[in-house]
Amino acid sequence: MTGILIVLFLAAWGWYTARAVKTSTHMLQLNSYRTERYWKWIMSHAAKAFPIRSITPVFAFLPLLFGSERLALVLGIIIFGLIAYFMEEQQEKKKLVFTARVKRLVGTTGVLFAVTACIGILIGTGEENSIGWFVLLTVASSILVCFYTLAANVINWPIETQISQYYYHDAEKVIKQMPNLEVIGITGSYGKTSTKHILETVLSSQFNVLMTPESYNTKMGVTKTVRTMLKPYHDIFIAEMGAKQEHDIQDICELVHQKYGILTAVGEQHLETFKTLENIKKTKFELIESLPHEGTAFLNKDDHNIMSYQQRNQCRTMYYGIDAVDLHYRAADISYSSKGSEFTVYKYDGTSSRIQTKLLGRHNIYNILAAVAMASEKGIPFDKIARAVKQVPPVEHRLELKKPSGNITIVDDSFNSNPVGSRMALDVLGQMPEYKMLVTPGMIELGEKEYELNKAFAEHAAEVCDFVILVGKKQTEPLQEGLQAKNYPEDRYYTADNLQDALNKMNEMAVQKSVVLLENDLPDTFNE
């Protein structure tokens, strides 16, 4: 009878731990499989890493105090079965992707749990031993699921490194087999994804173009794109290059050997890993410093952080902007409407073209300028460029103007907010004639300056918005302080428990024609 109960106990325990492992693996994936980042997440999100439900199997020990081992097993079966059954599926913005790496990770984690169970059985079911050891080890492991996932990641790291290197070298071979391929690298603290999409649309009017899809902007993301999508018929490859620490961009450059480099902007982002603005500048300029002598750099001259960096590479450099002097490509005569933006591009050779676009915001003017400059240097006529830009759809979740629903028009800027981009988004909102609402949880990954920058963001919002909805009571404390510092009336802002609560409040407030700016949407790792 005891043997049957142990089997049933293991089944219930395995069911619960399997579901818990899925959650912990998802968090590790969102933290880029980096042990140090995952450890920080565990330490800063204890309630999610060690949920109350994981503690409840401890009650299975109670019968052992009265010498009833079988009752302890029965109670354990009931508790593990119930918490596994009633575990709610979290609403995830970015779901767990079951890659080959995830499958290997889950396999190793499963082995660690199996070893734990075997040890518990061996030491807990002998003639002179108590079943309590078995219950103790299994219950403890169910509480420490995130540490099992962490251990599995460390164990797998050497083999994952070897697999990554194999894929990387295979991608290098693909690039070497295409000597006529021209590669354009794009990086920046913000604007790189939008610039990539605009440039791909414009260049595709005359060339066969491939760009890195979605947010495939890491070393392995670019590697996967090259291995699976780059074909001999492609003339141009646009590689978006992201970075969260020094040398991230250099690694990508060593793979693709770009001929052109576009640096959209440099700002305070990912300060948790970069630590200082100087480190961000240095890392972003890895794209420019690694250009060949015959290459060309395209720099936003209006960006103070770009211009304050001492560029060492003396390759051909083209400057674009709106306000600076001595520009090769300048945007002027800018106007905005509910249909989008319109402006004139003036080229250094004296030619010009009127550009119409569905895109909103001053920062999108810069993104279009970068694409126009690159396309023009590739020999595409201005009139052809203008026709292509007019067809560019808004990039999803980046100041995306969504059609009205009832009284509400949404300006969706929910993808990874940053200090400069969020301010520009508020400026766009401020130009709208309708009732203006902001829905935001604030900005993240800004290190020691996070509180200060969020407070400043709220202070600017107080000058623009008719009503503000903050998402998350703890997360938005600096925003609340910023509004209060500007004496923003308490009846004009609301602190929601979660996004759904915020959207309900938004609909409640929209009694007149309203424009709502959705600024940032926190990843699952930051949910309260």
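Below or above, wherever it landed, is the structure these notes cover. (Residues numbered from 1 in each chain as written. Predicted model: local features only at pLDDT ≥ 70, side-chain atom pairs only at ≥ 80, totals over all residues. Heavy atoms only, no water.)

1. Re empty space enclosed by the protein
Stage number 1. Taken as a whole and judged by the stated rule, the model has one cavity of 30 Å³ or more.
Stage number 2. As a volume, the largest cavity reaches approximately 140 Å³.
Stage number 3. Surrounding the largest cavity, 16 residues form its lining, Ala-20, Lys-48, Ala-49, Pro-51 and Val-145 being those nearest its centre.
Stage number 4. Going through the elements one at a time, α1 (2-30), α3 (46-49), α6 (132-143) and α7 (145-176) are the ones with two or more residues in the lining of the largest cavity.
Stage number 5. Here the lining of the largest cavity takes five residues from α1, the largest share from any one element. (1 Å grid on protein atoms, 1.4 Å probe; cavity = no way out; pocket = protein on both sides within 12 Å on 5 of 7 lines; lining within 4 Å. Points joined across faces, edges and corners; volume = space filled by probe spheres on them. Helix = DSSP H or I, 4+ residues; strand = E, 2+ residues; numbered from the N terminus.)

2. Some words on helix α20 (residues 499-509)
Stage number 1. Turning to α20, its buried residues are Asp-501, Ala-502, Lys-505, Met-506 and Met-509. Angularly, the buried residues of α20 cover 140° about the axis, an arc narrow enough to put them on a single face.
Stage number 2. Structurally, the start of α20 carries an N-cap: the backbone nitrogen of Gln-500 is 3.2 Å from a side-chain oxygen of Asn-498. (Buried < 20%, exposed > 50% of the residue type's maximum accessible area, 1.4 Å probe, protein only. Arc of directions from axis to C-beta. Polar contact = N/O pair within 3.5 Å; in protein donor to acceptor, adjacent residues only side chain to side chain.)

3. Some details on the nonpolar core
As a rule of thumb, soluble globular proteins bury nonpolar side chains together.
Stage number 1. Ile-184, Leu-199, Leu-203, Ile-238 and Ile-262 are the most contacted members of the largest nonpolar core, which totals 41 residues.
Stage number 2. Looking at which element gives the most residues to this core, the answer is helix α15 (residues 362-377), with 10 residues.
Stage number 3. In contact with Ile-184, not counting residues within four places along its chain, are Leu-199, Leu-203, Ile-236, Phe-237, Ile-238, Ala-239, Tyr-260, Ile-262 and Met-374.
Stage number 4. Counting residues in hydrophobic clusters, the runner-up holds 33 residues, among them Val-174, Ile-175, Val-256 and Val-266. (Core = buried A, V, L, I, M, F, W, Y, C linked by side-chain atoms within 4.5 Å. Contact = heavy atoms within 4.5 Å.)

4. Details of a nonpolar patch on the surface
Stage number 1. Together, Trp-15, Leu-71, Val-74, Ile-78, Leu-82, Tyr-85 and Phe-86 make up an exposed nonpolar region whose accessible area comes to about 730 Å².
Stage number 2. Broken down by element, the residue count for the nonpolar patch peaks at six residues, all from helix α4 (residues 69-86).
Stage number 3. Among the secondary structure elements, Leu-71 is positioned in helix α4. (Patch = residues over 30% accessible without salt bridge, like charges linked within 9 Å, V, L, I, M, F, W, Y side chains within 5 Å. Areas by Shrake-Rupley, 256 points an atom, 1.4 Å probe, with all protein chains shown as cover. Salt bridge = Lys/Arg side-chain N within 4 Å of Asp/Glu carboxyl O.)

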